[in-house]
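Okay, here's what each chain looks like letter by letter:
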Amino acid sequence: MRLALLTFYPGDPRVIPGGIRMVSYNLVQGLKAYPDLDLHVVHCHSDIEHDRLAEDGGATIHYLALPHKRVVPNLVTGVRRVQEVLAALKPDVVHAHVAHFAYAGARAGYPTIYTIHGVLAREREIYRRTLFDRLRYGLLGWYEARALRQVDRLVAISPYVLDEYAHVRADAWLRIDNPVPREFFAVEDRAEAGRILYAGSITEIKDLLTLLRAVERLTPLYPGVRLRLAGRATSAAYERQVRAYVETHGLTERAEFLGLLSREELLE
């Protein structure tokens, strides 16, 4: 069976910025165990400098570049480019992890599964500051509305996602958690009382200010509480807000910013 996985994928598996890229990489590592699966990953994004193919233990990764400067939005160009690859691959099944790729798969006429990683309507409430944000999320909403109607199956990664989309096609849903590789379960237990690890991006939709408020409230009850934040900042404005909260609320000794870690560093 030929599977086309339409997603965001890391260029360097040693340092994965998180989110869908981490999920997709872990998923591919598991799917490679099936010898009868012809696996093709299609990653189309402006973070790619030029088109290229890569092999990863039987999986073929199609990296498709998108321009940094453009007149036509990259979401539109990305749909077209993905459909061109699908026409060449002729997959038996398409599995998409973002709305516009799900639309591309269904529009091209292939059996399509769409895994929803975030609630777009909630994200649109947060990202409204700039005209670019409003246009981007408006276009994403257009693609999502059509993908939700046209794909064959919908996957929710959490009960929260399922609840938020409960009004959409009740008969089409599957509940499947994000994949976690075995190496994360094999880590030596060196737990320390009060130590908390946050692994994820520093951005508005993660709501780190609420996490910091929780640490602040825990402090009188558990003086040893410590928060370590591992991840890249995808919103410079929000990172400044988070760091300012740490400074002004006396949390500098309780919150440590580790930055983006490699896979080995994260396991450590």
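This text goes with the structure placed above it.
Residues numbered from 1 in each chain as written. Predicted model: local features only at pLDDT ≥ 70, side-chain atom pairs only at ≥ 80, totals over all residues. Heavy atoms only, no water.

## Overview of the pattern of salt bridges
Within this structure, the stated rule accounts for 16 salt bridges. Linking Arg263 and Glu183 is a salt bridge whose minimum nitrogen-to-oxygen distance equals 3.1 Å. With Arg263 in helix H10 (residues 263–267) and Glu183 in helix H7 (residues 182–185), this residue pair connects regions lying 80 residues apart in the sequence. Salt bridges linked by common partners bring Arg122, Glu125 and Glu164 together as one network. (Salt bridge = Lys/Arg side-chain N within 4 Å of Asp/Glu carboxyl O. Helix = DSSP H or I, 4+ residues; strand = E, 2+ residues; numbered from the N terminus.)

## What to know about the side chain of Glu204
Here Glu204 is to be found in the loop between strand E9 (195–199) and helix H8 (208–218). Looking at Glu204, its side chain comes within polar contact range of the side chain of Ser235, at 2.9 Å. The contact partners of Glu204, leaving out residues within four places of it in the chain, are Ile126, Tyr127, Arg129, Ser235 and Tyr238. (Polar contact = N/O pair within 3.5 Å; in protein donor to acceptor, adjacent residues only side chain to side chain. Contact = heavy atoms within 4.5 Å.)

## As for the pairing of strand E11 (residues 255–259)
In this sheet, E11 lies alongside strand E10 (residues 226–230) in parallel orientation, the contact comprising four bridges. Bridge pairing in E11 links Leu227 to Ala255. Once you follow E10 into helix H9 (residues 236–248) and on to E11, the crossover reads as right-handed. (Pairing = 2+ DSSP bridges. Right-handed = clockwise from strand over helix to strand, strands pointing away.)

## Description of the sheet that holds strand E4 (residues 59–65)
Spatially, eight strands are ordered E3-E4-E2-E1-E5-E6-E7-E8 in an open sheet, and the strand pairing comes out mixed. Looking at which strands have only one partner, the edges of the open sheet turn out to be strand E3 (52–56) and strand E8 (173–175). Averaged over neighbouring strand pairs, the angle between their axes works out to 20° when direction is ignored. Pairing geometry for E3 and E4, over five bridges, is antiparallel. Along E4, the bridge assignment pairs Ala54 with Ile61. Along the sheet, helix H3 (residues 99–107) makes contact with strand E1 (2–6), strand E2 (38–45), strand E5 (93–96) and strand E6 (112–116), crossing E6 at roughly 170°. (Axes fitted to C-alpha atoms, helices over the stretch in contact; angles between N-to-C directions.)

## Some points on H9
With 13 residues, H9 extends 18 Å from end C-alpha to end C-alpha; this agrees with the ideal 18 Å at 1.5 Å per step. Every buried residue belonging to H9 is among Tyr238, Val242, Tyr245 and Val246, and all of these are buried. Looking straight down H9, one finds that the buried residues subtend no more than 100° of arc, so they occupy a single side. Among the exposed residues of H9, those pointing more than 90 degrees away from its buried face are Arg240, Glu247 and Thr248. Where H9 is buried, its residues meet H8 and E11. Once H9 ends, the next one or two residues include Gly250, with phi positive near 65°. (Expected span 1.5 Å × (residues − 1). Buried < 20%, exposed > 50% of the residue type's maximum accessible area, 1.4 Å probe, protein only. Arc of directions from axis to C-beta.)

## Remarks on the environment of Val41
The topology assignment puts Val41 in strand E2. For Val41 and His62, which are 21 residues apart along the polypeptide, the C-alpha to C-alpha distance reads 5.9 Å. When sequence neighbours within four positions are dropped, the list of residues in contact with Val41 reads Leu5, Thr7, Tyr9, Val28, Thr60, Ile61 and His62.

## Considerations on the pairing of E10
Note that E9 and E10 share five bridges and pair parallel. In the strand pairing of E10, Tyr198 is matched with Leu229. On the question of chirality, the crossover connecting E9 to the parallel E10 by way of H8 is right-handed.

## Topic: the packing of helix H2 (residues 74–89) against helix H5 (residues 131–150)
Packing of H2 against H5 leaves a shortest axis separation of 10 Å and a crossing angle of 35°. Between H2 and H5, the contacting residues are Leu75, Val76 and Val79 on the first element and Arg136, Leu139, Leu140 and Tyr143 on the second.

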